[in-house]
Amino acid sequence: MTSLSNSSEPGLLSMLPKWILYSFLGFLLWFILHFIPRENFTFVLIGIGSAFFVFGILLLKFRNLGIREILIVSVLLRLCVLDAPVQWSDDIYRFFWDGLKVRNFESPYQLAPMHDDRKSEWEKLYNEMNSISFQSPYPPVLQYVWAMTANRTGDPTLLRIIWITADLGCIYLLYLLLTIMKRPGWLAILYAFNPLVIIEGIGQLHPEILQLFFVLWALHAMQVEKYFGMGIATGLAICTKLWPILLLPLLFTRLHRADWIRVCSVALGVCVILYTPLLRPEHFAGMFASFQLYYQSFEFNASLYYVVKCFYNWWSPESGGLVVSRLLGLVWLVYLLIVVIRKQITIQKALYLVFMTLLLTSAVVHPWYLIPVLAYGILADRYAIVFWTALIFLSYSHYQDGSYQEQSVWITIEYVLFGIVLIAEWMLRKDDNANLLTNEIVTE
């Protein structure tokens, strides 16, 4: 059997359109981040739709790319947004506030910015920051990175260089993991060229990029049976965003007991070493209050949460959000336990199932939350998440006209379309014909 896609080397004429498409995608990403504010929802839709259209053409027309071309194009796409302003998120001002605190040998966990005397000294950061009444919830790896890159003006260039470097590491590790699992390495382009990753991860500098790098490092170390290195990577992941702590229970039934204990011990040691210079016992209450207030006070782009809350409010309108959050959290914990004990599920699939379910039951689902789950889906041979990376930009309807107001029509459209894709993928897999992206046209 001979694959038509591998029958001959592409000539110059067939290569030209590819590089034109690469250039056009880079231009669109540059234009979106420089000139389209998130408040102009119409232009957000046009820009994002155009970028994903080009991404889709690249995906359908140009497969079997080698890691060299993938990395070269990935670098060029990310350099297109190197000097882009961070105008779709104001989180960077909190990042740099915390970083300057650490640089001045002060704990970012001690005081909320509104109670900090530094607010007159770092006036621009304070005025642009959100959640000034919260103590910092960010783990120490991020604090140390921000300490190296922070400035009072909010200039993102140095931090963006670090994020680009980490993202290239994600792409390379994703490619390696795919090849180790004897899957097509070119599937890494689903992440590498994805507009969501570049716009939200590199453009808005969200920490999910760095978190994912450490998780993929841990997964690669597991594949090559380097459990000390896996423990270090897992500890660094947990100290970047707390959610990777779920790796530890998921690994309990997927590693030999001695190896699991080694990974946990090393990860715990890394956490202790990194947290000790910044965190004191008296800070725990404030941090916990910040976490609790965040998860009880905010709602954004939710799916099942809104549906269950609607029914609950019809029955009892008081405290609906809090009760529903706890109820769905309990359901998710039960599902987590089921995935933990089902040893036949691979760690890649377990990560995808657990975090996808977490997103579908959460009260807050920001677009950048999808970045790690996209990578887990690629590794787990699940691709509905790719469609969600495009559809989730409908959540920017909340910001149109400069206000913040939930737009239930757009959110309904987002989740109805995503639900159709999820069901379609499930039905195709049920018929053993679901791998649409890797099935090649063959001829006898």
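Residues numbered from 1 in each chain as written. Predicted model: local features only at pLDDT ≥ 70, side-chain atom pairs only at ≥ 80, totals over all residues. Heavy atoms only, no water.

S.K.: Would you mind going over the overall build of the protein with me for this structure?
M.R.: Assigned secondary structure in the protein consists of 20 helices and two strands. For the protein, the C-alpha atoms occupy an extent of roughly 70 × 55 × 50 Å along the three principal directions. When the 444 residues of the protein are sorted by exposure, 54% land in the buried category. Of all intrachain contacts in the protein linking residues separated by at least 6 positions in sequence, the fraction that spans at least 24 positions is 77%. When the accessible area of the protein is evaluated, it comes to approximately 20500 Å², of which 67% is carbon and sulfur surface. Looking at charge distribution, the protein has the averaged site of its 30 positive side-chain charges lying 7 Å from that of its 31 negative ones. (Helix = DSSP H or I, 4+ residues; strand = E, 2+ residues; numbered from the N terminus. Buried < 20%, exposed > 50% of the residue type's maximum accessible area, 1.4 Å probe, protein only. Contact = heavy atoms within 4.5 Å. Areas by Shrake-Rupley, 256 points an atom, 1.4 Å probe, with all protein chains shown as cover. Lys, Arg positive; Asp, Glu negative; His and termini not counted. Charge placed at Lys NZ, Arg CZ, Asp CG, Glu CD.)

S.K.: Honestly, the nonpolar core in this entry has me stumped. Any pointers?
M.R.: Looking at soluble globular proteins, one finds that nonpolar side chains tend to be buried together. Judged by nonpolar contacts, the single largest core of 153 residues is most densely connected at Trp163, Tyr191 and Trp388. Not counting the four nearest positions on each side in its chain, Trp163 is found in contact with Leu142, Val145, Trp146, Gly201, Ile202, Leu205, His206, Pro207, Ile209 and Leu210. (Core = buried A, V, L, I, M, F, W, Y, C linked by side-chain atoms within 4.5 Å.)

S.K.: What's the story with the pattern of salt bridges in this structure? I'm lost.
M.R.: Where charged atoms from two side chains of opposite charge approach closely, those side chains can pair. Per the counting criterion, the structure on display carries 14 salt bridges. Among the salt bridges present, the one from Glu106 reaches Lys101, with a minimum N-O distance of 2.8 Å. Judged by relative accessible area, Lys101 falls into the buried class, the value being 6%. For the salt bridge of Arg429 with Asp381, the shortest nitrogen-to-oxygen distance reads 3.6 Å. One end of the pair, Arg429, is in helix H20 (residues 408-430); the other, Asp381, is in the loop between helix H18 (370-379) and helix H19 (384-391), and 48 residues separate them in sequence. A residue is classified by how much of its surface remains accessible, and Arg429, at 23% relative accessible area, is partly exposed. Three or more residues joined by partner-sharing salt bridges are found here, namely Lys101, Glu106, Asp116, Arg118, Glu121 and Arg152. (Salt bridge = Lys/Arg side-chain N within 4 Å of Asp/Glu carboxyl O.)

S.K.: What is the right way to read the confidence of the model for the protein from this model?
M.R.: For any part of a model where pLDDT is low, the fine detail of the predicted coordinates should not be relied upon. Here the protein averages 90 in pLDDT, and 90% of its residues register 70 or above. Of the regions scoring below 50 in pLDDT, residues 1-14 engages in 16 contacts with residues more than four places distant in sequence or in other chains. Every residue in residues 433-444 is under pLDDT 50, and counting partners more than four places away or in other chains gives 32 contacts. (pLDDT = per-residue confidence, 0-100.)

S.K.: Can you help me understand the side chain of Asp167 in this one?
M.R.: Take Asp167: it is sitting in helix H7 (residues 157-180). On the basis of relative accessible area, Asp167 is assigned to the buried category, the value being 0%. Here Tyr191 takes part through its side chain, which lies 2.5 Å from a polar atom of the side chain of Asp167. The residues contacting Asp167, other than those within four sequence positions of it, are Arg78, Tyr191, Val197, Ile202 and Ile209. (Polar contact = N/O pair within 3.5 Å; in protein donor to acceptor, adjacent residues only side chain to side chain.)

S.K.: Hey, could you run me through the packing of aromatic side chains in this one?
M.R.: In this description, a pair of aromatic rings is defined by centroid distance and the angle of the planes. Enumeration over the complete set of coordinates arrives at 31 aromatic pairs. Aromatic pair Tyr399 and Tyr404: ring centres 5.8 Å apart, planes at 55°, arrangement tilted. Grouped by ring-pair contacts, the aromatic residues Phe52, Phe55, Trp88, Phe300, Phe393, Tyr396, Tyr399 and Tyr404 constitute a single cluster. The aromatic ring of Tyr399 is capped on one face by Arg38, whose charged end is 3.9 Å from the ring centroid. (Phe/Tyr/Trp six-rings, centres within 6.5 Å; stacked < 30°, edge-to-face > 60°. Lys NZ or Arg CZ within 6 Å of the ring centre and 35° of its normal.)

S.K.: Please explain the state of the cysteines as it appears in this structure.
M.R.: When the sulfur atoms of two cysteines share a covalent bond, that bond is a disulfide. In total, this model carries zero disulfides according to the counting rule given. Counting only cysteine sulfurs, Cys271 is the nearest neighbor of Cys264, a cysteine outside any disulfide, at a range of 11 Å. Judged by relative accessible area, which is 16%, Cys264 ranks as buried. Free of any disulfide, Cys271 has its nearest cysteine sulfur in Cys239, 3.6 Å distant. Here Cys271 falls in the buried class, since its relative accessible area comes to 13%. (Disulfide = S-S within 2.5 Å.)

S.K.: Honestly, the environment of Tyr175 in this entry has me stumped. Any pointers?
M.R.: Examined against the element boundaries, Tyr175 turns out to sit in helix H7. For Tyr175 and Trp30, which are 145 residues apart along the polypeptide, the C-alpha to C-alpha distance reads 26 Å. Apart from the residues lying within four places of it in its own chain, the contact partners of Tyr175 are Leu65, Gly66, Ile67, Ile70, Gly185, Trp186 and Ala188.

S.K.: Sorry, what's going on with the side chain of Ser362 here?
M.R.: For Ser362, the position within the fold is in the loop between helix H17 (347-361) and H18. A polar side-chain atom of Ser362 sits 2.5 Å from the main-chain carbonyl oxygen of Leu358. If sequence neighbours within four positions are ignored, Ser362 has contacts with Ala302 and Tyr305.

S.K.: Help me understand a nonpolar patch on the surface, please; the structure alone is not making it clear to me.
M.R.: A cluster of nonpolar side chains, namely Val409, Ile413, Val416, Leu417 and Ile420, defines an oily patch on the protein surface of about 420 Å² accessible area. Within the element layout of this structure, Val416 appears in helix H20. (Patch = residues over 30% accessible without salt bridge, like charges linked within 9 Å, V, L, I, M, F, W, Y side chains within 5 Å.)

S.K.: Teacher, can you tell me more about helix H9 (residues 195-203) here?
M.R.: Structurally, the α-helix is built with 3.6 residues per turn, so residues lying three or four positions apart point the same way. With nine of nine residues buried, H9 is to be regarded as a mostly interior element. Along H9, the residues classified as buried are Pro195, Leu196, Val197, Ile198, Ile199, Glu200, Gly201, Ile202 and Gly203. The first or second residue beyond H9 is Leu205, which carries a positive phi of 65°.

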